[in-house]
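Listed below, chain by chain, are the residues.
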Amino acid sequence: MNFRLAGRTAAFPRSLVFVSAAALGLVVAYQSVPPANASDEMEIEISIKDHKFEPSALKLPVGKRVKISVKNLDPSAEEFESKDLGFEKVIAGNSDAIIRLKPLEAGTYIFYGEYHMDTALGHIVAE
Ligand SMILES: [Cu+2]
C-alpha cells in the first residue's frame, strides 16, 4: 500500500514536468515568430518632377531599415544615386523603383539624380 502510494506520488511530478515542457514549447514557438516588417522597416516616398526631388530634405531615425519608393514623374529617365548611401539606380521615365537602405548611422547623406545634377539634389539627415 505504501509502495503504491509512493508510485502515485512519483507520477504526479512527472506529469507536471510534461505540462511545463508543453507550455515552454508554446512560449518558444510564440517568440520565434518573425517580427512584422512594419516594426523594423520604415517606408518613405520621394518623387522626381521637373528634375527635382520632392521632398529633397528628409529626416530619418537612426537604426531603422528604410524602404524608399521613388516615383519618377518626368517623362525622361533619371539615375537616382547616393555615394554616401551606396546605391545607384536608373529609373525610366514615368516609372517607380524601390531602394532599400540598411539601418542608418547618425549623419547627413547626400543623394542626387545623376542625369540632372544641377537641379536634382537632396539629402537625408539621420538622427
Ligand atoms: Cu551613377
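Rules behind the numbers
Residues numbered from 1 in each chain as written. Predicted model: local features only at pLDDT ≥ 70, side-chain atom pairs only at ≥ 80, totals over all residues. Heavy atoms only, no water. Donors = N, O, S within 2.8 Å, 3.2 Å for Na, K, Ca; no water. Helix = DSSP H or I, 4+ residues; strand = E, 2+ residues; numbered from the N terminus. Salt bridge = Lys/Arg side-chain N within 4 Å of Asp/Glu carboxyl O. Buried < 20%, exposed > 50% of the residue type's maximum accessible area, 1.4 Å probe, protein only. Phe/Tyr/Trp six-rings, centres within 6.5 Å; stacked < 30°, edge-to-face > 60°.

A word on the coordination of the copper ion
Every protein donor of the copper ion is listed here as Glu79 (OE), Glu81 (OE), Glu88 (OE) and Glu114 (OE), and their distances to the metal cover 1.9 to 2.4 Å. For the copper ion, all donor residues lie on one chain, and their spacing in sequence is E-x1-E-x6-E-x25-E. Separated by 26 residues along the polypeptide, Glu88 in strand E6 (residues 87–91) and Glu114 in the loop between strand E8 (107–113) and strand E9 (121–126) bring together distant segments of the chain.

Quick look at the pattern of salt bridges
This structure, assessed with the given rule, holds five salt bridges. Of the charged contacts, one joins Arg100 and Glu41 as a salt bridge, the two residues approaching to 3.0 Å between their closest N and O atoms. Of this pair, Arg100 sits in strand E7 (residues 95–101) while Glu41 sits in strand E1 (residues 41–49), and the two are 59 residues apart along the sequence. Here Asp96 ties to Lys71 by a salt bridge, and the two come within 3.7 Å at their closest N and O atoms. Here Asp96, found in strand E7, pairs with Lys71, found in strand E4 (residues 65–72); they are 25 residues apart in sequence, far enough to count as distant. The exposure class of Asp96 is exposed, given its relative accessible area of 54%.

Describing the packing of aromatic side chains
What the rule picks out here adds up to four aromatic pairs. Measuring from centroid to centroid gives 4.9 Å for Phe80 and Phe87, while their planes differ by 45°, and the two rings are tilted. Taken as a pair, Phe80 and Phe87 share a single burial class, namely buried. Of the aromatic side chains, those joined through ring pairs into one cluster are Phe53, Phe80, Phe87 and Phe111.

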